[in-house]
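# Remarks on the overall topology
As a plain string of letters, each chain reads:
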Number of protein chains: 2
Amino acid sequence: MQETDIIDLMMHHGVKPTANRILIANAFVKEHRPLSMSEIEVQLESVDKSVISRTLSLFRERHLVHILPDGGDGVRYELCHRCSDDHDDDAHIHFYCSRCGKTFCLEDIPIPEVTLPQGYQEESVNYMVTGLCPDCR
Amino acid sequence: MQETDIIDLMMHHGVKPTANRILIANAFVKEHRPLSMSEIEVQLESVDKSVISRTLSLFRERHLVHILPDGGDGVRYELCHRCSDDHDDDAHIHFYCSRCGKTFCLEDIPIPEVTLPQGYQEESVNYMVTGLCPDCR
DNA sequence: ACCCTCATGCAACTCAGTTGCAAAAGTGTT
DNA sequence: AACACTTTTGCAACTGAGTTGCATGAGGGT
């Protein structure tokens, strides 16, 4: 994905593409995996954490990213290419490496579906495998 | 599960069953679902949060509970009946209600397995469905 | 009763994340 | 270009969950 594409994506979601926002969105493209706020903070020293916090909230509100539970604690943010304005979906499984703490998208592996008991109404599904990633084995 | 069983379980895992610890373990039995630290704090006003924190760490260390990512943020602790001393497993799916914030065990639904790409080494799996629980629909 | 170890309760601390606010950067109008 | 207006930014202060330090207290063994 090019920088121009990111700007298009932002505009399309009603987000004004400021310099900081482009940096943050680029971080997702570059790493190609879900990032935590602190990971972004480390990667973009020049950007204040308050800006990161507010930007991620805005991105989320406008469905540019969605959140998923971190393998450890806290949450991670994932850029969604296929999210429409009112619906987040991009249902692949994730892998959390317990050594390096990174979360990877296994985009080729769709989440196997299950049938819920009567009364439960599904909104979204998260399938997370924890273990060692190729680099940490 | 009876209180005597809980005490047995603790002893079996090398945890001295003090009054506070029994209260905390009982909370899990009573609710029959994974609890967050703050949920326990609310339920057991008489027990200091430092005690809860240290107790949960101890329980975890001794494999009496294991953690799972909260549907929201943070983590929840789940009493494991079938965990041996060196291995936590109890692989059923969980349901997180986005309205009431509770997490439920769907014990009858095993987690469907997937084949990971070369190089990834699995340690544990978490399958979490988010949506509305029967009470909140 | 004594000693020793472990558990407890309170207060102080830590750290991630959020919020308040004034300065700065954009945007549009005349 | 100057103006008024809106949005974003950067800093500092705040917040709240969770943890840690430490003195007291309870339990267990001799």
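Not measured: the values here are computed from a predicted model.

Rules used in this analysis
Residues numbered from 1 in each chain as written. Chains lettered and ligands numbered in written order. Predicted model: local features only at pLDDT ≥ 70, side-chain atom pairs only at ≥ 80, totals over all residues. Heavy atoms only, no water. Core = buried A, V, L, I, M, F, W, Y, C linked by side-chain atoms within 4.5 Å. Buried < 20%, exposed > 50% of the residue type's maximum accessible area, 1.4 Å probe, protein only. Helix = DSSP H or I, 4+ residues; strand = E, 2+ residues; numbered from the N terminus. Contact = heavy atoms within 4.5 Å. Near = heavy atom within 4 Å. Polar contact = N/O pair within 3.5 Å; in protein donor to acceptor, adjacent residues only side chain to side chain. Pairing = 2+ DSSP bridges. 1 Å grid on protein atoms, 1.4 Å probe; cavity = no way out; pocket = protein on both sides within 12 Å on 5 of 7 lines; lining within 4 Å. Points joined across faces, edges and corners; volume = space filled by probe spheres on them. Nonpolar A, V, L, I, M, F, W, Y, C, P; charged D, E, K, R; others polar.

## Thoughts on the nonpolar core
Buried together is how nonpolar side chains tend to be arranged in soluble globular proteins. Formed by 30 residues in total, the largest nonpolar core has its most connected members in Ile93 and Phe95 of chain A together with Ile93 of chain B. Mapped onto this core, the elements with two or more residues apiece are strand S3 (92-97), strand S4 (103-110) and strand S5 (121-132) of chain A together with strand S3 (92-97), strand S4 (103-110) and strand S5 (121-132) of chain B. Contact partners of Ile93 of chain A, with chain neighbours within four places excluded, come to Phe104, Cys105, Leu106, Ile109, Pro110, Ile111, Tyr127 and Val129 of chain A together with Val114 and Leu116 of chain B.

## Remarks on the protein's contact with DNA strand C
The local shell around DNA strand C holds 14 residues, among which Lys49 and Ser53 of chain A together with Thr18, Arg21 and Arg54 of chain B are the closest. Put simply, 56% of the atoms of DNA strand C that lie within 4 Å of the protein are in sugar or phosphate. One of the side-chain N or O atoms of Ser53 of chain A is found 2.6 Å from a phosphate oxygen in DNA strand C. Asn20 of chain B is positioned such that a nitrogen or oxygen atom in its side chain is 3.1 Å from a phosphate oxygen of DNA strand C.

## Let's talk about the pairing of S3 of chain B
All names here are of chain B. With 6 of its 6 residues buried, S3 lies for the most part within the structure. Bridging between S3 and S4 involves 5 bridges; their strand directions are antiparallel. Bridged to His94 within S4 is Cys105. Counted between consecutive antiparallel strands, the loop separating S3 from S4 contains 5 residues, among which Gly101 sits at a positive phi close to 80 degrees. Relative to S5, S3 is paired through 4 bridges, and the arrangement is parallel.

## Some remarks on empty space enclosed by the protein
Residue and element names in this part refer to chain B. Enumeration over the complete set of coordinates arrives at 1 cavity of 30 Å³ or more. A volume near 40 Å³ is recorded for the largest cavity. Lining the largest cavity are Ile6, Leu9, Met10, Ala25, Val29, Leu64 and Leu79. Mapped onto the lining of the largest cavity, the elements with two or more residues apiece are helix H1 (3-12) and helix H2 (19-31). Top element by residues in the lining of the largest cavity is H1. It accounts for 3 residues. Among the residues making up the lining of the largest cavity, the classes are represented as 7 nonpolar, no polar and no charged.

## A closer look at the environment of Ile93 of chain B
Its location among the elements puts Ile93 of chain B in strand S3. Of the residues examined, Ile93 of chain B reaches a relative accessible area of 0% and is grouped as buried. Each C-alpha atom of the pair Ile93 of chain B and Pro112 of chain B lies 9.0 Å from the other, and the pair is 19 residues apart in sequence. Once you skip the residues sitting within four places of it in the chain, Ile93 of chain B turns out to touch Val114 and Leu116 of chain A together with Phe104, Cys105, Leu106, Ile109, Pro110, Ile111, Tyr127 and Val129 of chain B.

## A word on the protein's contact with DNA strand D
Taken together, 14 residues lie around DNA strand D, and Thr18, Arg21 and Arg54 of chain A together with Lys49 and Ser53 of chain B are the ones closest in. A share of 51% of the atoms of DNA strand D within 4 Å of the protein falls on sugar and phosphate groups. A distance of 2.9 Å separates a base nitrogen of DNA strand D from a polar atom in the side chain of Lys49 of chain B. Broken down by secondary-structure element, the contributors of at least two residues to the surface near DNA strand D are helix H2 (19-31) and helix H4 (49-61) of chain A together with helix H3 (37-43) and helix H4 (49-61) of chain B. In terms of residues, the surface near DNA strand D owes the most to one element, H4 of chain B, which gives 4 residues. Residue composition of the surface near DNA strand D, by class: 2 nonpolar, 6 polar and 6 charged.

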